[in-house]
Amino acid sequence: MYRVVQFGTGFVGHFALRAIIEHPDLELVGVWVHSDEKVGLDAGDIAGTAKTGVLATHDLDRLLALDADCFCSAAGGDGREEWMTEVHARILEAGHDVVSSSIVGMVDPDSHPDGTLSRRLDEAAKRGGVSYFTSGIEPGFMSDTLPLALTGISQRWRSIRVREILDYSTYIPSEAEKILGDILGFGRPMEDQPILFTPGRLTYVWGGPVTLVARGLGVELDEVREVSERFPASDSFEVEGFGRVAAGTAEALRFELQGMVDGRAAIVLEHITRLRPESAPDWPRGDAGDGYYVDVEGDPNLHCHIACTGPDGDHHSGGILATGTRLVNAIPAVCAAPPGAISALDLPPLHARHLYRPD
Ligand SMILES: NC(=O)c1ccc[n+]([C@@H]2O[C@H](COP(=O)([O-])OP(=O)(O)OC[C@H]3O[C@@H](n4cnc5c(N)ncnc54)[C@H](OP(=O)(O)O)[C@@H]3O)[C@@H](O)[C@H]2O)c1
């Protein structure tokens, strides 16, 4: 039995919390929340399960003093990476393993563009004798583990392309204005540069899967190139939970991170993100509709589509649920891994062990 603290209970965090509470091999021992209104709530009330007797708190020191094996961090780290790094370093130095979706670029600690940040976490983990693992659905499972697994049947490969094609109008994180507006640039004038498209930022956030797949396949990248564009709305429309997208402001975005080998884009991660179906009609839609696509061109040619939907039938709740579950299912393997900041390449395949539920 692994004793676990949930750190952050937003969209990802509340799914992770539920997965911990309901996992027969895990015991929830603490919950950290940022929001004042959640302090004192029973973890079961936040996760939508039966009561647990574990109450949410702001008090990190008290949680650090618990005899916990692992912290599962889903606090929003976007734009507050320095603070998040220091909090994670404290947790690691106190001797607790960490699984996290908070600093998304850390899916590949070895090539994270901010070497100071990744070294700080790696050294803190080694000092604490524990491991630090970052994942999610994307960046994470769909763009590193899945393509790597598919190449297990490749006699040779010449290119790999992972595509996320999604409508984000149902992805309303609690910090919607910051994430959808400031960072992704939706509803913002076309001449404004969203934070995500400032040079280097795409690589900072999403470069990890490209470098990780390259390393897993033993190829050396010359560089990771960033390509990005946005598409303006032809008329104004409302996105529930986010607000009005005015005509002429951005309603879709597309980017590629191209892992270059001898001048060829050999490993590519592409996102096509719309706020409504009719947007950007000339951009790819995928032959099976929205979802994740992995194409491995080679012998054999492989084409894979995954639709990931949640209990409400929505692809975003499915993806966010999968992000939380990816972290929770990794806990036993991360606790058994050697100390340091690790990646999917350092872990055995992770399965839904002991999670058969016929009802
Ligand atoms: N790799 C992937 O596939 C993937 C997918 C989705 C999200 N993510 C990442 O996972 C993280 C959480 O995403 P989400 O969708 O769950 O976001 P969210 O719904 O907006 O939740 C925000 C989380 O951050 C906490 N928080 C809010 N304001 C804060 C502040 N000022 N200081 C510290 N913490 C604060 C909240 O605390 P409370 O507990 O009080 O609510 C909550 O836990 C983000 O960093 C996101 O980029 C990764």
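Preceding this paragraph is the structure being described.
None of the values given here were measured: they were computed from a predicted structure.

Draft legend 1. Local environment of the packing of aromatic side chains. The full count for this structure, using the stated rule, is seven aromatic pairs. Ring geometry for F7 versus W32: centroids 4.1 Å apart, planes at 10°, classification stacked. Taken as a pair, F7 in strand β1 (residues 2-7) and W32 in strand β2 (residues 26-32) lie far apart in primary sequence, 25 residues in all. Each member of the pair, F7 together with W32, is buried. Through a chain of ring-to-ring contacts, three or more aromatic side chains come together here, namely F11, F15, Y168 and Y171.

Draft legend 2. Region of the structure containing the sheet that holds strand β12 (residues 264-274). In space, the six strands of this open sheet follow the order β8-β11-β12-β7-β13-β14, with mixed pairing throughout. Every interior strand has two partners, whereas the edge strands, β8 (223-232) and β14 (302-306), have only one. Adjacent strand axes in the sheet meet at a mean angle of 10°, parallel and antiparallel pairs treated alike. Note that strand β7 (residues 156-167) and strand β13 (residues 291-299) share nine bridges and pair antiparallel. Considered in β13, the bridge of I160 is made with V296.

Draft legend 3. The arrangement of the site of the ligand in detail. Near the ligand, the surroundings consist of 30 residues, among which T9, S35, K38, G76 and D78 are the closest. Within the contact set of the ligand, an oxygen atom lies 2.7 Å away from a backbone nitrogen or oxygen of V12. Between an oxygen atom of the ligand and a main-chain N or O atom of G77, the distance comes to 3.1 Å. Here the ligand has 920 Å² of accessible area as a free molecule, and 89% of this is covered by the chains. Partitioning the shell around the ligand into residue classes produces 12 nonpolar, 13 polar and five charged.

Cut-off values and rules
Residues numbered from 1 in each chain as written. Predicted model: local features only at pLDDT ≥ 70, side-chain atom pairs only at ≥ 80, totals over all residues. Heavy atoms only, no water. Phe/Tyr/Trp six-rings, centres within 6.5 Å; stacked < 30°, edge-to-face > 60°. Helix = DSSP H or I, 4+ residues; strand = E, 2+ residues; numbered from the N terminus. Buried < 20%, exposed > 50% of the residue type's maximum accessible area, 1.4 Å probe, protein only. Pairing = 2+ DSSP bridges. Axes fitted to C-alpha atoms, helices over the stretch in contact; angles between N-to-C directions. Near = heavy atom within 4 Å. Polar contact = N/O pair within 3.5 Å; in protein donor to acceptor, adjacent residues only side chain to side chain. Areas by Shrake-Rupley, 256 points an atom, 1.4 Å probe, with all protein chains shown as cover. Nonpolar A, V, L, I, M, F, W, Y, C, P; charged D, E, K, R; others polar.

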